[in-house]
Amino acid sequence: MEKTIEEIKQGTSLVLEQKEGNAKKLFIESYGCQMNFSDSEIVASILVNQGYNTTQNLEEADLVLVNTCSIRDKAEQTIRKRLEKYNAVKKINPNMKVGVLGCMAERLKDKFLEEEKIVDMVVGPDAYKDIPNLLKEVEDGRDAINVILSKEETYGDISPVRLNSNGVTAFVSITRGCDNMCTFCVVPFTRGRERSRDTQSITEEIQDLWSRGFKEITLLGQNVDSYLWYGGGLKKDFVKATDMQKATAVDFAQLLDMCATQFPKMRFRFSTSNPQDMHVEVIEVMAKHHNICNYIHLPVQSGSTRILKEMNRQHTREEYMTLIDNIKRIIPDITLSQDMITGFPTETEEDHQDTLSLMKYVKYDFGFMFSYSERPGTMAARKMEDDVPEDIKKRRLTEIVDLQQIHALEKTKRFVGQTVEVLIEKDSKRSSEHWSGRNSQSTVVVFPKENYKPGDFVNVKITDCTAATLIGEAVGYSEIMQG
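Predicted model only: the values in this text are computed from it and were never measured. (Residues numbered from 1 in each chain as written. Predicted model: local features only at pLDDT ≥ 70, side-chain atom pairs only at ≥ 80, totals over all residues. Heavy atoms only, no water.)

Trainee: What is the right way to look at the overall build of the protein in this model?
Mentor: Within the protein, the secondary structure is distributed over 14 helices and 22 strands. Evaluated residue by residue, the protein yields a buried proportion of 57% over its 483 residues. Counting contacts in the protein only where the partners sit at least 6 residues apart, residues at least 24 apart contribute 72% of the total. Only carbon and sulfur atoms are counted for the fraction: they give 50% of the accessible area of the protein, which is about 20,100 Å². (Helix = DSSP H or I, 4+ residues; strand = E, 2+ residues; numbered from the N terminus. Buried < 20%, exposed > 50% of the residue type's maximum accessible area, 1.4 Å probe, protein only. Contact = heavy atoms within 4.5 Å. Areas by Shrake-Rupley, 256 points an atom, 1.4 Å probe, with all protein chains shown as cover.)

Shown next as structure tokens:
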């Protein structure tokens, strides 16, 4: 649940430039968090070199892949429905092969392949380089599976193709896996233990994106703040590193500083942060560089220290509030967003009120809020009874969402009358006469097009707002465009 799931992107089928001479067609669809969408770009890169071009037409595909998410029950049910659809098409096109990628792969491999026989291939998040071999197995009439989790794989040597890209913003993956073992979360079991990507391969990928005109990078990981490159291997094995490895290791604050310094005309974001790993050095680096956005996604999950302990979160309510105080002291115009789970096992009305009071203390700009759903394989599913009735979960979630809406409007209103720097990304959804982009705080801004273009950094005077969008007029290029 550390991962932000954008509902609008769910089930997006991905298309990239067609490579001449490639005769086979790949249909690849992604669900879940941004890590899954990033992984689909890696898979597409591998398959381009195996003779595949992407298609959005399911019926003409030779290979259909669905990149899956286990974070919520709703995602699993959606993917099962999609697999039924693929198999209906497969009856018409029997040569079509169907594969499941990602976080559902390991847990449901036997069910998918042997019991239900609904797919030909199951591939875990660390086995994408093995897809060409697995395809040979499938073509020879055998089911193919590789869900082995790796201690080393970061895909640092693969330059992902950018799928459905606006050509302005891109994600660059810096870590894989997670060590946190939150009791509600399947990620450590589906994506393995935490390891970081080679610093040089990260900056090389950013350099490549810069040379192709991209203007904003989001550094991506299950838990970016615990990034630690010391030559490869698991984060937990850093204690066994040599003195030289320890002396030359790069942590997240240093990586962020390096990126902002090396690419002063690019803008940087990062996601997702974990409260216990968000060190003051990271906040100070953010404050130091104009081109690091003043936005932190900082999941808390609950405002109750007792529930946080049940969730195996490595912080208390008070520690989280102290962190918020430090962030606001160092970066006064920061924007903060949250993930919140309501109805976790044993949650009382008092715990729920603690969550509401924490929200009032922080006043988040955005939020991703869910009622608890038991995920097979997690510690909570094994050890705890899902004992909060659905009607109470629903009522508590409504109260959390309603409070967030009040705060969101209040926080957005603070920009009215200000001039903010906006990176133009695309046409506004509502009007082809307006551009849409985001300011440093990640709030969407729309304004008349005039002579500006996507990729421009523009100063926009804000005249009005809704709870989620700022409305204004451009008053000229921003400083980042000068020189």
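Trainee: Which parts of the structure should I look at to understand the sheet that holds strand S20 (residues 444–448)?
Mentor: The strands making up a sheet associate through backbone hydrogen bonding, with each pair oriented either parallel or antiparallel. A barrel is described by the order of its strands in space; here five strands give the closed sequence S18-S19-S20-S22-S21, paired in mixed fashion. Ignoring strand direction, the axes of neighbouring strands in this sheet form an average angle of 50 degrees. Pairing analysis gives seven bridges linking strand S21 (residues 457–465) to strand S22 (residues 469–477), with the strands arranged antiparallel. The residue of S22 that forms the bridge with asparagine 459 is glycine 476. (Pairing = 2+ DSSP bridges. Axes fitted to C-alpha atoms, helices over the stretch in contact; angles between N-to-C directions.)

Trainee: Teacher, can you tell me more about the pairing of S22 here?
Mentor: Every regular strand shows the same layout, with side chains that alternate between the two sheet faces. Direction of pairing for S20 relative to S22: parallel, over a ladder of three bridges. Residue pairing across strands places valine 444 opposite threonine 469, the latter belonging to S22. In textbook terms, the turn of a hairpin is the stretch between consecutive antiparallel strands, and for S21 and S22 this stretch comprises three residues.

Trainee: Honestly, the packing of helix H12 (residues 349–362) against helix H14 (residues 390–413) in this entry has me stumped. Any pointers?
Mentor: Describing two packed helices takes the angle between their axes plus the distance from one axis to the other. Between H12 and H14, whose axes approach to 10 Å, the crossing angle comes to 10 degrees. Relative to H14, the element H12 lies roughly parallel. Taking contact as the criterion, the partners of Glu349, His352, Thr355, Leu356, Met359 and Lys360 in H12 are, on H14, Arg395, Arg396, Glu399, Ile400, Leu403, Gln404 and His407. (Parallel < 35°, antiparallel > 145°, perpendicular 65-115°, else oblique.)

Trainee: Sorry if this is basic, but what is going on with the packing of aromatic side chains here?
Mentor: Two measures describe an aromatic ring pair: the distance that separates the ring centres and the angle between the ring planes. In the structure shown here, the tally under the stated rule is six aromatic pairs. Measuring from centroid to centroid gives 5.1 Å for tyrosine 230 and phenylalanine 238, while their planes differ by 65 degrees, and the two rings are edge-to-face. Each ring, one from phenylalanine 344 and one from tyrosine 372, has its centre 5.1 Å from the other, and the planes form 75 degrees; the classification is edge-to-face. Note that phenylalanine 344 is positioned in the loop between strand S16 (335–342) and H12 and tyrosine 372 in the loop between strand S17 (366–371) and helix H13 (379–383), a separation of 28 residues in sequence. Residue classification places phenylalanine 344 among the buried positions, given a relative accessible area of 0%. (Phe/Tyr/Trp six-rings, centres within 6.5 Å; stacked < 30°, edge-to-face > 60°.)

Trainee: Hey, could you run me through H12 in this one?
Mentor: At 3.6 residues per turn, the α-helix brings residues three or four places apart onto the same side. Here H12 is 14 residues long and its end C-alpha atoms lie 20 Å apart, about the 20 Å a rise of 1.5 Å per residue gives. Among the residues of H12, Asp351, His352, Thr355, Leu356, Leu358, Met359 and Val362 are the ones counted as buried. Buried residues of H12, viewed axially, fall in a sector of 155 degrees; they line one side. Of the residues in H12, the exposed ones pointing more than 90 degrees away from the buried face are Glu350 and Lys360. Buried residues along H12 sit against helix H10 (305–310), helix H11 (317–330), S16 and H14. (Expected span 1.5 Å × (residues − 1). Arc of directions from axis to C-beta.)

Trainee: Please explain the pairing of strand S5 (residues 97–102) as it appears in this structure.
Mentor: In terms of residue burial, S5 counts as a mostly covered element, since five of its six residues are buried. One ladder, built from six bridges, connects strand S4 (residues 63–68) with S5; its direction is parallel. Among the inter-strand pairings, leucine 65 is bridged to a residue of S5, identified as glycine 99. As judged from the three bridges shared by S5 and strand S6 (residues 121–123), these two strands associate in the parallel manner. Within S6, the residue paired with valine 100 across the bridge is valine 122.

Trainee: Help me understand the sheet that holds strand S8 (residues 169–173) in this model?
Mentor: Across the sheet, which stays open at both edges, the three strands sit in the order S8-S11-S14 with parallel pairing between neighbours. Only two strands of the sheet have a single neighbouring strand rather than two, namely S8 and strand S14 (267–271). Between one strand and the next, the sheet's axes are offset by a mean angle of 25 degrees, whatever the strand orientation. One ladder, built from five bridges, connects S8 with strand S11 (residues 216–220); its direction is parallel. Across the sheet, valine 172 pairs through a bridge with leucine 219, a residue of S11. Sheet strands touched by helix H6 (residues 199–211): S8, S11 and S14. Its angle to S8, the strand with the most contacts, is close to 165 degrees.

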